[in-house]
Structures are given as structure tokens and as C-alpha cells.
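Survey of secondary and tertiary structure
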Amino acid sequence: MNTNKKINKDSLIYSFIFFLFLIIGLNSFKDYGVSIDENFHVTNGEHYYSFFKGLFFSNEEFITLEELKESFKDHYFKDPAIFDFSVSILVDIFNIQDIKDIYLLRHLLIFLIFLLGVFYFYLILRKRFKSNLIIILGLLFIFLSPRIFANSFYNNKDLIFLSISCIFFYYSIEFFEKPSLRNSIIFAIITALAFDIRIMALIYIFVFYLMLFLHFLDDKNFLNQKLKNYFFTIILTTLFIYLFWPYLWIDPINNLIDYFLVIKDEIPSMQNLYLGNYVFSKSLPWHYEMIWILITSPLTIIIFFLIGYPILSVKIFNNLMEADKKDHRFWKNNNEFIDLYLFLAFTLTFLVKIKFGVNYGGWRQIYYLYPLIVILGLCGLEYIFKLLKNKKVITFLLVLLFSELIFLSLWSYKNHPYQFVYFNPIFKKFVKNNFDLDYWGISNKSVLEKIFLLNKEESFKVTTNSFTNLNDSLRLLDPKLRKKINIVYDLNQADYVLDNHMKKWSSTPGEENLQKDFSIFYNLIIDGNIINTVYKRN
């Protein structure tokens, strides 16, 4: 009876937390701007959906096979497009016409996928930790981390991959524990989705099969009993990879090889403001992403990660040193299996990304590691709790953790919807002129709305001397505003100039007249840093 009451009580608590997350998201998704490449992703989805419809219906409007092949000269159309393609289907089904509504649908779906990922993150926490307090802390730290929260509305690659990574890890653990036909099919689908969203999922997949190999070393009969299931899963995964990736439909073998050969070389070299200097993305130092994680993540999670990761490292190293013993096991229980699995996934991914990855825009391209950082941090917290056994010290640590969560909540509320420029309190004083802020131009939408109001709702011409394209933000404005805002590409023709302080490759025509003909009209200041500046013609 008491057990049932506890289960019901726990269910109510977690249901309330997720309901709260949902309400926050539903009240926030309309507030954010667009990323620099979101319009391409809209086009990409429409592109493949047009070809798909052309397979079933005869219409000159639909893209033909020859036109699709021709489009592959642009490497962007080679990218996996499962999310973009799916959104285009929904846009067609619900007959959504206005581009603003299409963007808002995308932002809502990205958030709902993130929320689904957080749910599976919760399921992983339940497998690993017995303490509800630790589980709740993990949920709050992943949802309330300001940069992760903001990106969960408009980042249609990195945050979707973060979400699918959580789902992948849960079902890979389920499949390892019980390789049934049902789990095999689910795991194959999720693995294919992960691979088709980010190629870096290859490392996660490799680590999973590495864990199978380690289990085989511990128990030689293990694979004999389950070998058919694993071969079936590999075949099924391969089929789903091709099914979910439109670029591979045309020439499955050569197109896959081509993608791996050209993808890194065709990624544009971006200029990054890092430690006060502009550095090209392909020439960034090895510590680039480490520094970004350190200065933009919640402090307590970083501190406990720096405790948990070394402790696990020593424990795993000592275990490996005893591998030659007769009774050796790589793990003795489920917790040790999860620890080793997630430790290897994090370590190998991070090392490969440092060595071979192209970095730009902060550490967003490895946001998918954040759930692992939180879990490894919680392992550090669990270790401290077991080590100290002092209620006063434990209470102090809990007060510290929840104090930061309250701070993160208040900071996000105060600076909504600009959580994407969060820097933790210790390092925020060193940010000015040292790091990129609004590198995607997300704030351009709200700044254009601000100009419209301050301009007494009259028509005006505007340009930018930054990297981002104002047309992207214009599409997310109300039709009434769009008609009154004219984007120009020469400062000599503009009434206003926007600068989100992201350096561009070449200067805007007339830029030499900025200081002479314009003066600062408005600064968007978030947490003491100017993230967007508006100049008005004198």
C-alpha cells in the first residue's frame, strides 16, 4: 500500500514538472527569431516533398528526377532532411500558407521534440539513479540551462540531435538489456534517425557495439544467444537510414560515399570572435569548445562534472588494469554499465570533435553532449553524497544547487527571449569584445519590431553591416510589418542599419559612411552586453 502511494506521489510530481515544461514552451515558442540557415531548411523540406509528391501525382509544378539530381550540385541539398521533409508534409496537410506560420510551426515542433527528448532523459535518470531528488535536479538543469532552452525553439539541427540522442541512449540501454524483436525494431529506427540528423551519431553507434564486444569478452555465450537479433538490427538500421535520407534515394552507394568525402570541405569557413581575436572556423584551437562549455553552462553542473568525470575515469582505468584476471568483469551491475557506456560515448565524441570537427557559433554543434555532462555531473554529486554522509553539508549542497536553478529561472525570465547569450556569472565580465554573442542574428526580429514602433509605424528602409541576412527575420514578422519594411543592400539607401556584431566576409556598400551619416539609435543590451545596435540616418 505504501509502495503504491509512493509511486502515485512520484508520478504526480513528474507529471506536474513536465506539464510545467509544456506550458512554458507553449507560451514561449512565438517569441524567438530565426537562425541564419532556417529559410534554407524550409526550402530543403519543400524541395524534397515536391519530388516525393511527383512520384505519385502528375503535375508540372513538382520537381522531376533530373531537377533533383541537378540540385545536388549545391551541397546543402545533400544534407539529411527528415525534419524539414516532415514539416513540409504537415504544412501541406494543414494548408499553412503564410511563411510566418510555417516558421512558428517549425519552432513549436522543435520544442515538442526537445520535450520528448527530456522525457527520455528522465527515463535514463530513473535507470541510473534511485534518488528522486537527483533525478529532479537533472531534469531542471537540462531544461533551465538558458542556452539550451532558447535553442530548443529555433535550432533545427543541434537541439533535435540532442533530443534524439537522449532517445537513442534510452533505447540502446533497453535493447542491450532485452534484445527482443520489438526493441530491435525501435532501436533500429532511432539509430537511423540519429545518424540521419547528425553524422556524429556514428560514434554513439560505435560505442554501443563496443559495449556488446566488451560483454562478449566477459561472457563468451552472450553473442551466441543473441547474434541473430543484432545482425537483424544492423540490417534494419541500414534500411531505415536510406529511407529517412532523401539524398540517398537516387544513388544509395555513391551518394553516401560522396557525402562523407565532401561534407567537411564544403562547410564554409566562418569568422569566430574567440578570446578577443577573429579566427576562421577551420583554424580554431583545440580548447575552443571546452572554453565555451565552461563559460556558458550552469556552474554547479560544471563543478560536479569535474568531480564525477575524473572519478569515473580512475574507476574505469583501474577496472581495465585488471582485465587479465579470471573473474574480471567490465561492469558488475546496471549502474556500472550505464556509467561506462555514457563515459565512453562522451569521451570518444568529444575527442573526435576536437580532432576532426569544424567549429563555429560557440559549442552549439556539440550541444548533444550536454545531457551526458549533466548525468556525469550527477554521478559526481552522488559520489559526494555517499562520501560525506553529513546532513548539514548535503543540505548546503542542495541549497547551492537549487539556488542556481532559481537564478537560472529568474535570469531567463528577465532576459527572455535572449537566453542564447547567457554566460555564467563568473565569466560574464570577460565576454565583451572577446566572444561572439548573437552570431545567428536571432535578435534581429525583435529589433526590427522595435524600430517599427519607434518609427511610429511608418515605412522605412533598413540594411545590415553584419553577417546575418535581414530577410530571414522579416519572414517571421506579421504581414502588416513586412509590407512597411524594405530591406536594402547599400547603406546609402538605408534609413536604419542593424549590427548584431557578427563580422561578415565583405563590407556592405556604403559602410564607409556609417560614422558620418548615421548615429546610434538603439542598443539592445542583455546582461550588460550589447548584442545588437541600430543606427539611424542623421
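Overview of the structure. (Residues numbered from 1 in each chain as written. Predicted model: local features only at pLDDT ≥ 70, side-chain atom pairs only at ≥ 80, totals over all residues. Heavy atoms only, no water.)

1. Comments concerning the sheet that holds strand β6 (residues 518–526)
Picture the strands of a sheet paired through backbone hydrogen bonds; they go either parallel or antiparallel. If you walk across this open sheet you meet the five strands as β4-β3-β5-β7-β6, and the pairing is mixed. Taken across any chain shown, the strands that pair with only one partner, and hence form the sheet edges, are β4 (485–487) and β6. The sheet shows a mean angle of 25° between the axes of neighbouring strands, direction not considered. Where β6 lies against strand β7 (residues 529–537), eight bridges are found, and the strand directions are antiparallel. Pairing of F518 across the sheet is with R537, part of β7. Against the sheet, helix α19 (residues 444–454) contacts β3 (460–464), β4, β5 (496–499), β6 and β7, and its axis sits at roughly 155° relative to β5. (Pairing = 2+ DSSP bridges. Helix = DSSP H or I, 4+ residues; strand = E, 2+ residues; numbered from the N terminus. Axes fitted to C-alpha atoms, helices over the stretch in contact; angles between N-to-C directions. Contact = heavy atoms within 4.5 Å.)

2. Overview of the layout of surface pockets
One number sums up the size of the second largest pocket: a volume of about 460 Å³. What lines the second largest pocket is a set of 24 residues, among which Y278, N433, D499, H501 and M502 lie closest to the centre. Considered class by class, the residues forming the lining of the second largest pocket number eight nonpolar, nine polar and seven charged. (1 Å grid on protein atoms, 1.4 Å probe; cavity = no way out; pocket = protein on both sides within 12 Å on 5 of 7 lines; lining within 4 Å. Points joined across faces, edges and corners; volume = space filled by probe spheres on them. Nonpolar A, V, L, I, M, F, W, Y, C, P; charged D, E, K, R; others polar.)

3. Overview of the nonpolar core
For soluble globular proteins, nonpolar side chains are generally found buried alongside one another. Counting residues in hydrophobic clusters, the biggest one holds 177 residues, and the most contacted among them are F169, Y204, M211, Y341, V462 and I485. Counting residues per element, this core draws most heavily on helix α5 (residues 99–128), at 17 residues. When residues no more than four places from it in sequence are discounted, the contact partners of M211 are F176, W331, F337, L340, Y341 and L344. Counting five residues, the second-largest nonpolar core is a separate cluster that includes L491, V497, L514 and Y535. (Core = buried A, V, L, I, M, F, W, Y, C linked by side-chain atoms within 4.5 Å. Buried < 20%, exposed > 50% of the residue type's maximum accessible area, 1.4 Å probe, protein only.)

4. Overview of the packing of helix α2 (residues 38–54) against α5
Between α2 and α5, the least distance of the axes is 11 Å, while the angle of their chain directions is 95°. Regarding the angle of α2 to α5, the classification is roughly perpendicular. Contacts between α2 and α5 pair E38, N39, H41 and V42 from the former with I99, I102, Y103, R106 and H107 from the latter. (Parallel < 35°, antiparallel > 145°, perpendicular 65-115°, else oblique.)

5. Let's talk about a nonpolar patch on the surface
A contiguous nonpolar patch, built from Y383, L387, L388 and V393 and spanning about 340 Å² of accessible area, is present on the exposed surface. By residue number, the principal contributor to the nonpolar patch is helix α17 (residues 370–388), which donates three residues. Assignment of secondary structure puts Y383 in helix α17. (Patch = residues over 30% accessible without salt bridge, like charges linked within 9 Å, V, L, I, M, F, W, Y side chains within 5 Å. Areas by Shrake-Rupley, 256 points an atom, 1.4 Å probe, with all protein chains shown as cover. Salt bridge = Lys/Arg side-chain N within 4 Å of Asp/Glu carboxyl O.)

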